[in-house]
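Architecture at a glance
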Amino acid sequence: MKVEFDEDTCIGMYQCVAEWDGFTKDKSKGKAILEDSEEVEDGVFVREVPEDAELDAKFAARTCPVDAIRIYDDDGEQLIP
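Remember, predicted model here, so these are calculated numbers, not experimental data.

**With respect to unusual backbone geometry**
Along the chain, Ile-80 connects to Pro-81 via a cis peptide bond; the corresponding omega equals -10 degrees. Along the chain, the position of Pro-81 falls in the segment after strand 7 (78–80). Phi at Asp-36 takes a positive value of approximately 55 degrees, unusual for a residue other than glycine. The phi torsion at Asp-67 lies on the positive side, around 55 degrees, for a residue other than glycine. Structurally, the position occupied by Asp-67 is in the loop between helix 2 (54–63) and strand 6 (69–72).

Okay, here's the thing in structure tokens:
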């Protein structure tokens, strides 16, 4: 499973930070940060989700009010949103 985070879409509500420690706050930018991620295109970050964190990552994606977080299964199919 992988998570994709669109930093430009993020509005800094930090609900994802409360749900999964894979996200942290960047108060200087007013945005969340996807830890241990790779920027795959301008402002879009991706990382693998550890098996023991899959549920938390899904909750983080579901709580994002602007759908800046997308979850994909191992086959590349989008699960959330």
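**Things to note about the packing of aromatic side chains**
Scanning the entire structure with this criterion turns up two aromatic pairs. Between Phe-5 and Phe-23 the ring centres are 5.3 Å apart and the planes differ by 75 degrees, which places this aromatic pair in the edge-to-face class. Residue Phe-5 is located in strand 1 (residues 2–6), and its partner Phe-23 is located in strand 2 (residues 23–26); the two are separated by 18 residues in the primary sequence. Exposure class is identical for Phe-5 and Phe-23. Each is buried. An angle of 75 degrees between the planes, with centres 5.7 Å apart, marks the rings of Trp-20 and Phe-23 as edge-to-face. Exposure remark for Trp-20: the relative accessible area of 3% places this residue in the buried category. By relative accessible area, Phe-23 is classed as buried at 2%. Members of the aromatic cluster, connected to one another through ring pairs, are Phe-5, Trp-20 and Phe-23. Against the face of Tyr-72 rests Lys-2, its NZ or CZ located 5.4 Å from the ring centre.

Rules of the game
- Residues numbered from 1 in each chain as written.
- Predicted model: local features only at pLDDT ≥ 70, side-chain atom pairs only at ≥ 80, totals over all residues.
- Heavy atoms only, no water.
- Helix = DSSP H or I, 4+ residues; strand = E, 2+ residues; numbered from the N terminus.
- Phe/Tyr/Trp six-rings, centres within 6.5 Å; stacked < 30°, edge-to-face > 60°.
- Buried < 20%, exposed > 50% of the residue type's maximum accessible area, 1.4 Å probe, protein only.
- Lys NZ or Arg CZ within 6 Å of the ring centre and 35° of its normal.

That's the geometry; what it means functionally is another story.
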